[in-house]
Amino acid sequence: MKEKYDYLIVGAGLFGATFAHLASTRHRRCLVIDKRNHIGGNIYCQQDNGINIHRYGAHIFHTSDKRIWDFVNSMVPFNRYTNSPVAVAPNGELYNLPFNMNTFYKIWGVKSPSEALQKLNEQRCEAIKKMEADGVKEPRNLEEQALTLIGRDVYELLIKGYTEKQWGRKCSDLPAFIIRRLPVRLTFDNNYFSDTYQGIPIGGYNKLVEKLLEGSDIQLDTDFFKDREHLSSLAHKIVFTGKIDEFFNYRFGMLEYRSVRFETETINNPNVQGCAVVNYTSSDVPYTRIIEHKHFENFGDSVYENPVSVISREYPAEWNPGIEPFYPVNDQRNNSLNTRYQELAQKEPNVIFGGRLAEYRYYDMAPVIAKVFSLFESDTNL
């Protein structure tokens with residue numbers, strides 16, 4: 001009889017691949033399975049005309065943790081991509097993101113940080129006074145929260161329509177915590193992230209995941225839930241990165257998500273929009289943003305070396321069973337439900353739950369890797 005694996009890792013995304021890599025360095029045998037026909041989970045890249053397409057949406061690696069940055073660069077070198085998106089507002093004008101002096105100059109004509117701050121504070125005070133007149137001390141919903149943070153002009157132009165499309169609900173019906181903080185910079189700086197390190201793996205994310213999975217056995221097109229008993233018998237322990245409610249057969253009910261539909265098009269134009277990410281904040285435009293993938297890895301005149309380009313329009317969608325779950329809906333009902341599932345997870349001694357779906361929380365890539373690191377540092381027996 002063949003010796004058991006140490007770990008059956010359900011999901012070949014970043015959490016599962018990082019776990020497999022660290023386990024392999026401890027001479028553990030891993031079998032990594034995925035129901036999709038490729039590795040990489042949502043950071044998978046698909047080639048089209050020599051361009052790496054972020055098939056499940058734009059992924060930009062960013063962190064201020066030098067250890068994490070050094071780790072991923074030890075797998076594959078990263079480029080110098082800097083995320084500097086722009087937004088097309090309902091008035092048809094282009095604005096820089098995140099909200100910074102370039103944005104405020106375009107909206108109000110202000111040229112100094114003190115002028116911008118004065119304008120911001122005027123509009124913040126208006127929002128607070130309106131709440132006080134209604135007998136309210138704390139923002140009750142996302143709209144009130146945004147107005148107290150950034151004021152009406154920026155909210156109406158760049159937040160309201162985009163957010164309502166993203167969540168499929170009015171901002172006045174969304175919880176305030178979704179937008180507790182907004183990046184507001186009183187500098188002429190279009191870098192979306194404030195992290196020390198930022199970039200894209202040279203050659204795409206597949207190279208990173210392939211390197212992480214070296215030394216592990218991989219089985220694709222394999223649905224854990226269709227052969228659960230047999231697959232579970234192959235290893236001493238399970239690392240589960242799928243939906244936690246599905247693992248427990250939806251005992252307490254289904255958790256909710258938002259999903260995204262991608263419409264990808266190859267265009268005979270070497271440079272369609274001039275940057276990787278353009279948001280569309282008008283509610284009259286059905287998609288939230290357009291991604292032009294070549295800009296993640298081509299800079300300056302190198303963009304013109306390839307005569308075509310590939311764009312993807314992102315259409316937010318309600319999630320239903322059978323389509324990809326993307327964003328957890330972390331409202332009171334779902335968080336309460338998730339707490340009950342996490343309590344069940346704590347009672348599974350031979351199962352490790354991790355990642356966006358298993359923890360029911362939004363994760364950037366660097367924190368996913370840091371989470372796996374912390375697991376191995378806290379348990380030398382893994």
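Refer to the structure above for everything that follows.
## Quick word on the overall build of the protein chain
Then step 1. Check the secondary structure of the protein chain and you find 12 helices and 16 strands.
Then step 2. Against the globule reference of 21 Å for 382 residues, the protein chain gives a C-alpha radius of gyration of 22 Å, in line with a compact fold.
Then step 3. For the protein chain, the spread of C-alpha atoms along the principal axes amounts to about 75 × 55 × 35 Å.
Then step 4. Residue burial in the protein chain is summarised as follows: out of 382 residues, 52% are buried.
Then step 5. Partitioning the contacts of the protein chain with sequence separation of at least 6, the portion at a separation of at least 24 is 73%.

## A look at the sheet that holds strand E16 (residues 351-353)
Then step 1. Overall, parallel pairing links the 5 strands, which are arranged E9-E2-E1-E10-E16 in an open sheet. What marks the edges here is a single partner per strand, and that holds for strand E9 (217-219) and E16. Strand-to-strand twist of the sheet, defined as the mean angle between neighbouring strand axes without regard to direction, takes the value 20 degrees.
Then step 2. Relative to E9, strand E2 (residues 30-33) runs parallel, the two sharing 3 bridges. Paired with Val 32 across the strands is Ile 218, a residue of E9.
Then step 3. Taken strand by strand, helix H1 (residues 14-25) contacts strand E1 (5-10), E2, strand E10 (235-240) and E16, and its axis lies near 165 degrees from that of E1.

## Some remarks on the packing of aromatic side chains
Then step 1. Taken as a whole and judged by the stated rule, the model has 27 aromatic pairs.
Then step 2. Ring geometry for Phe 252 against Tyr 341: centres 5.1 Å apart, planes inclined by 50 degrees, an arrangement best described as tilted. Taken as a pair, Phe 252 in the loop between helix H9 (244-247) and strand E11 (257-267) and Tyr 341 in helix H10 (residues 332-345) lie far apart in primary sequence, 89 residues in all.
Then step 3. Its relative accessible area of 25% is what places Phe 252 among the partly exposed residues.
Then step 4. Residue Tyr 341 is classed as buried on the basis of its relative accessible area, which comes to 0%.
Then step 5. Put simply, the rings of Phe 224, Phe 225, Phe 240, Phe 247, Phe 248, Phe 252, Tyr 341 and Phe 353 pair up and form one aromatic cluster.
Then step 6. Sitting over the ring of Phe 252, Arg 340 keeps its end group 4.0 Å from the ring centre.
Then step 7. The cationic tip of Arg 361 hangs over the ring face of Tyr 363; the distance from NZ or CZ to the ring centre is 4.1 Å.

## Some words on the packing of helix H5 (residues 142-150) against helix H6 (residues 152-167)
Then step 1. Between H5 and H6, the least distance of the axes is 9 Å, while the angle of their chain directions is 145 degrees. Here H5 runs over H6; the crossing is right-handed. Counting all contacts with H5, which are made through Leu 142, Glu 143, Ala 146, Leu 147 and Ile 150, the residues of H6 involved are Arg 152, Val 154, Tyr 155, Ile 159, Lys 160 and Thr 163.
Then step 2. Split by residue class, the contact of H5 with H6 holds 7 nonpolar, 1 polar and 3 charged.

## With respect to the packing of H1 against helix H12 (residues 365-378)
Then step 1. For the pair H1 and H12, interaxial distance at closest approach is 9 Å and the crossing angle is 35 degrees. Note on packing geometry: the crossing formed by H1 with H12 is right-handed. Contacts between H1 and H12 involve Leu 14, Phe 15, Thr 18, Phe 19, Leu 22 and Ala 23 from the former and Met 365, Val 368, Ile 369, Lys 371, Val 372, Phe 373, Leu 375 and Phe 376 from the latter.
Then step 2. Partitioning the contact of H1 with H12 into residue classes produces 12 nonpolar, 1 polar and 1 charged.

## Observations regarding the sheet that holds strand E12 (residues 277-280)
Then step 1. What the 7 strands build is an open sheet, ordered E7-E6-E12-E13-E14-E11-E15; its pairing is mixed. Of all the strands in the sheet, just strand E7 (94-96) and strand E15 (327-328) have a single pairing partner and so form its edges.
Then step 2. Direction of pairing for E11 relative to strand E14 (residues 309-318): antiparallel, over a ladder of 10 bridges. Bridge pairing links Thr 264 to Ser 312 in E14.

## With respect to helix H3 (residues 101-108)
Then step 1. Taken together, the buried positions of H3 are occupied by Met 101, Thr 103, Phe 104, Ile 107 and Trp 108. Axial view of H3: buried residues confined to an arc of 155 degrees, hence all on one face.
Then step 2. Following H3 by one or two positions, Gly 109 adopts a phi angle in the positive range, close to 75 degrees.

## Here we look at the pairing of strand E3 (residues 45-48)
Then step 1. As paired elements, E3 and strand E4 (residues 51-54) share 4 bridges and run antiparallel to each other. In the strand pairing of E4, Cys 45 is matched with His 54.
Then step 2. Linking E3 to E4, which pair antiparallel, is a turn of 2 residues; within it Asn 49 sits at a positive phi near 55 degrees.

## What about the environment of Trp 167?
Then step 1. Residue placement: Trp 167 occurs in helix H6.
Then step 2. Residues Trp 167 and Val 278, 111 residues apart in the sequence, show an inter-C-alpha distance of 18 Å.
Then step 3. Residues within four places of Trp 167 in sequence aside, it is in contact with Leu 174, Ile 178, Arg 258, Glu 318, Pro 328 and Val 329.

## Side note on the side chain of Lys 165
Then step 1. For Lys 165, the position within the fold is in helix H6.
Then step 2. No salt bridge is formed by the buried Lys 165; its nearest oppositely charged neighbour, Asp 284, is found at 8.9 Å.
Then step 3. A distance of 2.9 Å separates a polar atom in the side chain of Lys 165 from the backbone oxygen of Val 285.
Then step 4. With residues up to four places along the chain from it excluded, the contact list for Lys 165 reads Arg 258, Tyr 280, Thr 281, Ser 282, Ser 283, Val 285, Pro 286, Tyr 287, Thr 288 and Pro 316.

What counts, and where the lines are drawn
- Residue positions are given per chain, counting from 1 as you read along its sequence in written order.
- With pLDDT at 70 or above as the cut-off, local features in this predicted model cover only qualifying residues; side-chain atom pairs require 80 or more to be listed or tallied, and sums for whole chains, interfaces and linings still use all residues.
- For the side-chain quantities, the full set of heavy atoms in the structure was used; hydrogens and water were omitted.
- Elements are defined by DSSP. Helices are runs of H or I of four residues or more, strands are runs of E of two residues or more, and each kind is numbered from the N terminus.
- The atom set for the radius of gyration is the C-alpha atoms, and the globule formula is 2.2 Å times the number of residues raised to the power 0.38.
- Throughout this description, buried means an accessible area under 20% of the type-specific maximum (1.4 Å probe, protein chains only), exposed means over 50%, and partly exposed covers the range between.
- In this description, contact between two residues means that some pair of their heavy atoms is separated by no more than 4.5 Å.
- Pairing between two strands requires that DSSP report at least two bridges joining them.
- Here an angle of 0 to 180 degrees is reported between the N-to-C directions of two axes, which are lines fitted to C-alpha atoms, with helices fitted over the stretch in contact.
- Centres within 6.5 Å make a pair out of two Phe, Tyr or Trp rings, where for Trp the six-membered ring is used; the pair is then stacked when the planes are under 30 degrees apart, edge-to-face when over 60, and tilted otherwise.
- When the NZ atom of lysine or the CZ atom of arginine is within 6 Å of a ring's centre and also within 35 degrees of its normal, the charge is said to sit over that ring.
- We call a crossing left-handed when the near helix sits turned anticlockwise from the far one by less than a right angle, and right-handed when that turn is clockwise.
- Each residue gets one of three labels, nonpolar for Ala, Val, Leu, Ile, Met, Phe, Trp, Tyr, Cys and Pro, charged for Asp, Glu, Lys and Arg, and polar for the others, Gly among them.
- When we speak of the arc, we mean the arc of directions from the helix axis to the C-beta atoms.
- Asp and Glu are treated as the negative residues and Lys and Arg as the positive ones, with His and the ends of the chain left uncounted.
- Every case where a carboxyl oxygen of Asp or Glu lies within 4 Å of a side-chain nitrogen of Lys or Arg is listed as a salt bridge.
- Pairs of N or O atoms are called polar contacts if they sit within 3.5 Å, as long as, within protein, a hydrogen donor faces a hydrogen acceptor (for residues adjacent in sequence, only side-chain-to-side-chain pairs).

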